[in-house]
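# Coordinates in review
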Protein chains: 2
Amino acid sequence: MRYFLDISYKGTSYHGWQFQKNAHTLQAEIENAISRLLGVQTPIMASGRTDAGVHAKQQIAHFDTVESIDVEKLEFRLNRFFTRDITINSIVEVKPDAHARFNANERAYEYYINQKKNPFLQELSYYFPNPLKVELMNEAASKLLGTQDFESFSKVKTEVNNFICNITKARWQIENDSLVFHVTANRFLRGMVRALVGTLLEVGLGKLTVEDFIKIIEHKDRTAAGRAVPPKGLFLSKVTYPSSVYSN
Amino acid sequence: MRYFLDISYKGTSYHGWQFQKNAHTLQAEIENAISRLLGVQTPIMASGRTDAGVHAKQQIAHFDTVESIDVEKLEFRLNRFFTRDITINSIVEVKPDAHARFNANERAYEYYINQKKNPFLQELSYYFPNPLKVELMNEAASKLLGTQDFESFSKVKTEVNNFICNITKARWQIENDSLVFHVTANRFLRGMVRALVGTLLEVGLGKLTVEDFIKIIEHKDRTAAGRAVPPKGLFLSKVTYPSSVYSN
């Protein structure tokens, strides 16, 4: 039997999702909890890794069991196990070949910026007080839409074969005390959202024009883009699957 | 010259507002910063103390200087001094006899509850998953309005002469992922908001009726009321002064 875990986590005190031998990671923490509660070593596979300090409103991971399990009971016990930084939102049975990583057809991220100092957002938002021209940032963001090569916004050390992504949403919005960048794509490259945000901030500051921004995309060279913003403002917010992965 | 400081703070890592000899307090932290930056020991007086773990969206405190100061410069330097938990929202000159505690004519508090587990609200909201009848909690809350004796909701050890408060707002509202209690009064007794919320939760659970709640108010006995809820959900949200305290 295969199940999808729908997870939220605050990434502040973790060295990212992916298991590492000598570091506290979300994958290890969650695998350990499930393995203990099910009484058998149970590996989990996420939709994608998140970097150290990055949060998730919704991360999806799959795991297998030999027999059918009581999902509500396991959800309750896992949430009691994780007291602080991790929440299990749901556990649902999926088809045996449903894959959290390969079947995800869309990932959405959000990047939070607070322009006014705010002690309650300290670990969840990037404090950036300089005045920003949000209309220009949105004009530049609209140039990201569609299927393009985004090598300019990828980390240099990476294992991928190509840098082609299809971005279907890229928009800044003011929400309560925050300025939030919403970006959705079929896939993201390593460090991509943080590099995009850093470069769009340079547009907002007037250091780059929208034309410069277009040239940076076309340039396919990471050194052309702006510096990456800190991980604490970044949230993986939604992972979408075709309905065919779910059992009837 | 006298000034009002408008301050926000996350109270999680402090032993409350009020100075204590061997504990980390907000008053000591802020007095120390102002005294350092002004180069002279500068005591501050707040609108009221907040307990250990309680937050403030707006706390007001006054302090005096011998000469006129550049308020924007001091605000900037204080915000650079406090990197995490404390924000100075503004510093304004007031009349020399304006008093942050005695001249405040209204204080507003908010208490945040999350019914769904949420890793991002862990230090800022009380996780309470049991189903609640919010309409009944609001019916009971409406019985708090007006000038009444609130001894039932005061800590037993207290220095006040009487327990009379005038509550002008007491209402539960659903806001994003939270259930929030808004309460405004001319004054509050020690532990009062947390005891009110604890007792209103018992109404919401069906353990007390609205009639029981009225009797608890009339009883004037702390042991009649429900247990206090944890400090982490409580925010001092606004302190109001007559316009006469401000200089022209």
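Residues numbered from 1 in each chain as written. Chains lettered and ligands numbered in written order. Predicted model: local features only at pLDDT ≥ 70, side-chain atom pairs only at ≥ 80, totals over all residues. Heavy atoms only, no water.

Per an unreviewed UniProt entry, chain A is named tRNA pseudouridine synthase A, and its organism is Roseivirga echinicomitans. The heading Subunit (unreviewed entry) in the UniProt record of chain A holds the text "Homodimer." Listed under Catalytic activity (unreviewed entry) in UniProt, the entry text for chain A is "uridine(38/39/40) in tRNA = pseudouridine(38/39/40) in tRNA". (UniProt positions renumbered as here; feature names shortened; annotations may be inferred.)

Our next topic: the packing of helix 3 (residues 134-142) of chain B against helix 4 (residues 192-205) of chain B. When two helices pack together, their arrangement is given by the angle between their axes and by how far apart the axes lie. Residues and elements named next belong to chain B. Taken N-terminus to C-terminus, the directions of helix 3 and helix 4 make an angle of 135 degrees; their axes are 8 Å apart at the nearest point. Taken together, the axes of helix 3 and helix 4 lie oblique to each other. Crossing angle aside, the handedness with which helix 3 passes helix 4 is right-handed. For the pair formed by helix 3 and helix 4, the contact residues are Leu136, Met137, Ala140 and Ala141 on the first element and Leu200, Leu201, Val203 and Gly204 on the second. (Axes fitted to C-alpha atoms, helices over the stretch in contact; angles between N-to-C directions. Helix = DSSP H or I, 4+ residues; strand = E, 2+ residues; numbered from the N terminus. Parallel < 35°, antiparallel > 145°, perpendicular 65-115°, else oblique. Left-handed = near helix turned anticlockwise from the far one by under 90°. Contact = heavy atoms within 4.5 Å.)

Under the criterion given, the structure shown has 22 aromatic pairs over all chains. On the basis of an interplanar angle of 70 degrees and a centroid distance of 5.1 Å, the ring pair of Phe120 of chain A and Phe235 of chain B is categorised as edge-to-face. Of the two residues, Phe120 of chain A is situated in the loop between strand 5 (106-114) and strand 6 (126-127) and Phe235 of chain B in strand 10 (residues 234-240); the pairing between them involves two chains. What makes Phe120 of chain A buried here is its relative accessible area of 14%. Aromatic side chains Tyr112 of chain B and Phe235 of chain B sit 5.2 Å apart centroid to centroid with 65 degrees between the ring planes, which places their arrangement in the edge-to-face category. Here the residue Tyr112 of chain B occupies a position in strand 5 (residues 106-114), and Phe235 of chain B occupies one in strand 10, the gap between them amounting to 123 residues. Judged by its relative accessible area of 14%, Tyr112 of chain B is buried. You can call Phe235 of chain B buried: its relative accessible area is 4%. Ring pairing ties together the aromatic residues Phe4, Tyr241 and Tyr246 of chain A, which thus form one cluster. (Phe/Tyr/Trp six-rings, centres within 6.5 Å; stacked < 30°, edge-to-face > 60°. Buried < 20%, exposed > 50% of the residue type's maximum accessible area, 1.4 Å probe, protein only.)

Turning to the relation of the copies chain A and chain B, a few remarks are in order. Once chain A is rotated about the relating axis by 180 degrees and shifted along it by 0.0 Å, it coincides with chain B to within an RMSD of 0.0 Å. One copy is carried onto the other by what is essentially a two-fold rotation axis. A symmetric contact is evident, with 100% of the interface residues of chain A recurring at the interface of chain B. (Least-squares fit on C-alpha atoms with pLDDT ≥ 70 in both.)

A separate point is helix 1 (residues 26-38) of chain B. Residues and elements named next belong to chain B. For helix 1, built from 13 residues, the straight-helix expectation of 18 Å at 1.5 Å per residue is met to within 8% by its first-to-last C-alpha distance of 18 Å. Check the buried side of helix 1 and you find it contacts strand 1 (2-9), strand 3 (55-64), helix 2 (71-81) and strand 4 (86-94). Phi for Gly39, located one or two positions after helix 1, is positive at around 75 degrees. (Expected span 1.5 Å × (residues − 1).)

Residue and element names in this part refer to chain A. What UniProt calls "binding site: substrate" (unreviewed entry) maps, in this numbering, to Tyr109. Summarising the element assignment, Tyr109 is placed in strand 5. Classification of Tyr109 by relative accessible area gives buried; the value is 12%. Not counting residues up to four positions away in its chain, the partners in contact with Tyr109 are Arg49, Thr50, Phe181, His182, Val183, Phe188, Val193, Leu234, Phe235, Leu236 and Ser237.

The buried count for strand 9 (residues 178-185) of chain A comes to eight of eight residues, which makes it a mostly enclosed element. Counting the residues between successive antiparallel strands, the hairpin from strand 8 (residues 164-175) of chain A to strand 9 of chain A contains two residues, one of them, Asn176 of chain A, with a positive phi of roughly 50 degrees. (Pairing = 2+ DSSP bridges.)

A word on the pattern of salt bridges. Residue and element names in this part refer to chain A. Under the definition given, this model contains 14 salt bridges over all chains. Measuring nitrogen to oxygen at the nearest pair gives 3.8 Å for the salt bridge that ties Lys155 to Asp51. Here Lys155, found in the loop between strand 7 (146-149) and strand 8, pairs with Asp51, found in the loop between strand 2 (45-46) and strand 3 (55-64); they are 104 residues apart in sequence, far enough to count as distant. Of the residues examined, Asp51 reaches a relative accessible area of 19% and is grouped as buried. Shared partners join several salt bridges into a network, and the residues in it are Asp51, Lys155, Arg190 and Arg194. (Salt bridge = Lys/Arg side-chain N within 4 Å of Asp/Glu carboxyl O.)

Residue and element names in this part refer to chain A. Looking at the assigned domains, one finds that chain A contains domain 1 (2-103) and domain 2 (106-237). When each unit is reduced to the centre of its C-alpha atoms, the spacing between domain 1 and domain 2 is 27 Å. Between domain 1 and domain 2 the total buried area reaches about 1,300 Å² when both faces are included, carbon and sulfur atoms providing 46% of it. If you sort the residues of domain 1 by the area they bury against domain 2, Asp51, His55 and Lys57 come out on top, with a joint share of 43%. In this assembly, domain 1 and domain 2 are joined by five salt bridges. (Domains from an automatic or database assignment. Buried area = accessible area lost by both parts, 1.4 Å probe.)

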